[in-house]
Amino acid sequence: MSTLSSGYREFSEAPRSAWWGCWTIARASLGLVFRRKLFWILFAFASLAFLFLFAVIYFRATLLANMPDAAPFVERLFERASGNGETYRDFMVGQEVITVIILAFAGSILVGRDHQQGGMIFFLSRRIHLFHYLVGKLLAVGGLVLLVTTLPALVLYIQFGYLTEDTLGYFKENWRIAVAIVSFGSVMAVVLSLVLLATGSWMQKSVPLVLSWICIFLIMPPIAGFLRHIYDDRRWLLLNLWWDIRLIGQWCFGTVRERHAEILPYASIVVIAVCVVSLLVAIPKIRAVKVA
Amino acid sequence: MESLIHLEGVTHHYGSFCALRDVTLGFEAGAIGLVGQNGAGKTTMMQIILGLLRPSRGKVRVLGFDVPQRGVELRGRVGYMPERDALIPGLKGVEYVALAGELCGMRRQQAKRRAHETLSYLELEDARYRNIETYSVGMKQRLKLAATLVHDPDLLLLDEPTAGLDPDGRAAMLDLLSAIAGRPLKSLILSTHLLGDIERVCRHTIILDQGRVVGQGSIDELRDTRPSCYQLRWQGDGREFLNLLRELGATVDVLPRPNRVRLHLPEHVPTREVFAIALQAGVLVTGLEPEQENLESAYHRLISAAHPVLTVRPETAGAES
């Protein structure tokens, strides 16, 4: 490095791969969300279910250790916290409402403002491709989803195994549960990231974005239920995106009910279609950003 | 020597609208001004040079890179300062600049260090830990420039860098740009409507009109293409003198000071005719100096030449936003 007379210092070092830009974008975007008090309030609400289940698992293990004679009663009492796939699946499904609320409010920070306030120009004029930007944003949104659903579920899984008498045996016997937790979390992360990217690209301010998410996740489910009731056809439930994701989650945990098994392929198709459409909707909007 | 920019037959269409028409130009390293009215194609040209827009036809090489193929690598060596804010609310000044550095391929610690250095160089060190929403217009412009300079690019693309600045801020920004443009092997392209800014910072200019290049070259070359314009001074009653000059086919623009006009002689009329007419009118010519045309006049002349019927009014031509 040499110092010019004007005080400006030259810099010449080989640049890193553009793929690092994905991580940089994800980190910066998450950093902006984490600075918001509202996020921490919502995250506190999201943690309530986790803390409750954490306490229940601990309490159950304590009772089983101290009152071995009452084991059948305790196990029946805490049936929903018995450490099988359904325990974690139900926990993750239970987090869906708060996840949607967090994403709806964080959407304008993560995606909308890039369009609205010129952040997109800032990003796209750097040493990255549009693809790196998309991956970075998806990582950020996916990270939020994993933080609220998958990470706590994994912590509960580890806690349950740790408190079981035969810890190693539990993990050996139930390793598929860990895979199922990660798989279900990944499906949620990918789908919700893409939906947020698409809706955030078009509805950049908080209020329209929240309204659009209310339509997708709060209004569509009763409509789907109503149509299913009217036409007596389960396939109408496919209109409920959460239901589709949940069905895939059940498949991940190996707990799909028989009556839903035949709809599972349709649900998968709907979820894949939503992902593809979201990408197709978002990319032209991002490409259309005027740089100068 | 590697050519800075080389555009060959570049045409770009937005649907049926042609934004750039068969643009061919080449420039060596240095400071280049880009001038044109709204819709002239400046934005499109910037996007093409930056590698964000693939031209419908033609070849583009910038800093030796084939732009459509290696746009990402190119942007690592280019710094772009957009006209609009392009800020990320919620970030502090130093974080914003460091983020720009990281996205240009720098390691995190390097980017942070460079961000501090660049902000100090641009006299923003006191504000570097403030949220960028609290910055004044001038500070935002300097912050954008810092984000543009952080990775020490070989080429700067600056879009209206003095927009919204007060006179002092504008002078400071132009001084800064002149200093940056003066560094060896560094270049800048300055897109602005303020032709004075270009004259002060740049050595070369590209004048665009309706997607065509109507003038390009060094500012001196563009000025020199006006040989028949003079400043004429005389003593005595000039009314008959001026009438006779007009009969000769000359255009006379009255200047604010007495007995002084700007004279445009037809090409076939030699200057000795002016002295002959002065003698006939009984006035004494005290000065007949070839006028040093400024860039603004050259710009209007070139635009008018491209559209003989259209008269470009100086006050509207420069008011593009």
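Up top is the structure.
In short, a report on the structure.

Conventions we followed
Starting from 1, residues in each chain are numbered consecutively following that chain's sequence as written. To read the labels, note that chains go from A and ligands from 1, taken in the order they are written. Local features in a predicted model are, by the rule used here, given only for residues with pLDDT of at least 70; side-chain atom pairs are given and counted only at 80 or more, and totals for whole chains, interfaces and linings are based on all residues. Hydrogen atoms and water are omitted, and side-chain values are computed over all heavy atoms in the structure. Throughout, a contact is declared for two residues whenever any of their heavy atoms are within 4.5 Å. Salt bridges are identified by distance alone: a Lys or Arg side-chain nitrogen within 4 Å of an Asp or Glu carboxyl oxygen. Definition of a polar contact: a pair of N or O atoms within 3.5 Å, with one able to donate and the other able to accept a hydrogen when the atoms are protein atoms, and with sequence-neighbouring residues admitted only if both atoms are side-chain atoms. Strands here are runs of E lasting at least two residues and helices are runs of H or I lasting at least four, both read from the DSSP assignment and numbered beginning at the N terminus. Throughout this entry, Asp, Glu, Lys and Arg are counted as charged residues, while Ala, Val, Leu, Ile, Met, Phe, Trp, Tyr, Cys and Pro are counted as nonpolar. The remaining residues, Gly among them, count as polar. Being paired, for any two strands, means DSSP has found at least two bridges between them. The axes are straight lines fitted to the C-alpha atoms, using for helices just the contacting stretch, and the angles between their N-to-C directions are given from 0 to 180°. Note on aromatic contacts: the rings of Phe and Tyr and the six-membered ring of Trp form a pair at centre separations within 6.5 Å, being stacked when their planes are under 30 degrees apart, edge-to-face when over 60 apart, and tilted otherwise. Three labels apply to residues, based on accessible area from a 1.4 Å probe with only protein chains included: buried if under 20% of the type maximum, exposed if over 50%, partly exposed otherwise in between. Each ring is checked for a lysine NZ or an arginine CZ that lies within 6 Å of its centre and within 35 degrees of its normal; such an atom marks a charge sitting over the ring.

### Topic: the interface of chain B and chain A
For interface size, the figure often reported is the accessible area lost on association.
Okay, so step 1: The partner chain A presents 38 residues to the 42 residues of chain B that form the contact.
Okay, so step 2: Viewed at the interface, chain A and chain B are joined by three salt bridges.
Okay, so step 3: The partner of E95 of chain B in a salt bridge is R35 of chain A, with the nearest N and O atoms 2.6 Å apart.
Okay, so step 4: Where chain B packs against chain A, one counts 12 residue pairs in polar contact (both at pLDDT 80 or more).
Okay, so step 5: Those elements giving two or more residues to the side of chain B that touches chain A turn out to be helix 1 (42-50), helix 2 (71-76), helix 3 (93-103), helix 4 (108-121) and helix 5 (137-149) of chain B.
Okay, so step 6: Considering each element in turn, the side of chain B that touches chain A owes the most residues, six residues, to helix 3 of chain B.
Okay, so step 7: Among the residues making up the side of chain B that touches chain A, the classes are represented as 21 nonpolar, eight polar and 13 charged.

### A few points about the sheet that holds strand 13 (residues 260-264) of chain B
Within a sheet, adjacent strands bond to each other through the backbone by hydrogen bonds, running parallel or antiparallel.
Residue and element names in this part refer to chain B.
Okay, so step 1: Across the sheet, which stays open at both edges, the four strands sit in the order 12-13-11-14 with antiparallel pairing between neighbours. Either end of the sheet is taken by a strand with one partner, and the two such strands are strand 12 (251-254) and strand 14 (284-290). When strand polarity is set aside, the average angle formed by the axes of neighbouring strands in this sheet is 30°.
Okay, so step 2: Relative to strand 14, strand 11 (residues 229-235) runs antiparallel, the two sharing six bridges. Bridged to Q231 within strand 14 is E289.
Okay, so step 3: The sheet contacts of helix 9 (residues 239-247) involve strand 11, strand 12, strand 13 and strand 14, and relative to strand 11 the element is tilted by about 150°.

### Regarding the pattern of salt bridges
Residue and element names in this part refer to chain B.
Okay, so step 1: Applying the stated rule across the entire model yields 18 salt bridges over all chains.
Okay, so step 2: The salt bridge involving K140 is made with D85; its shortest N-O contact spans 3.8 Å. You can see K140 sitting in helix 5 and its partner D85 sitting in the loop between strand 6 (78-81) and helix 3, a full 55 residues away along the chain.

### Digging into the packing of aromatic side chains
Each aromatic ring pair is described using two quantities: the centre-to-centre distance and the angle formed by the ring planes.
All names here are of chain A.
Okay, so step 1: Scanning the model with the defined rule gives 21 aromatic pairs over all chains in all.
Okay, so step 2: With a centroid separation of 5.8 Å and an interplanar angle of 55°, the aromatic rings of F217 and W242 are classed as tilted. Taken together, the positions of F217 in helix 11 (residues 206-231) and W242 in helix 12 (residues 241-253) put the pair 25 residues apart, joining distant regions of the chain. For the pair F217 and W242, a shared accessibility class is recorded, and that class is buried.
Okay, so step 3: Among the aromatic residues, those joined into a cluster by ring pairs are Y88, Y157, F160, Y170 and F171.
Okay, so step 4: R235 extends its terminal NZ or CZ atom over the ring of Y266, reaching a point 5.9 Å from the ring centre.

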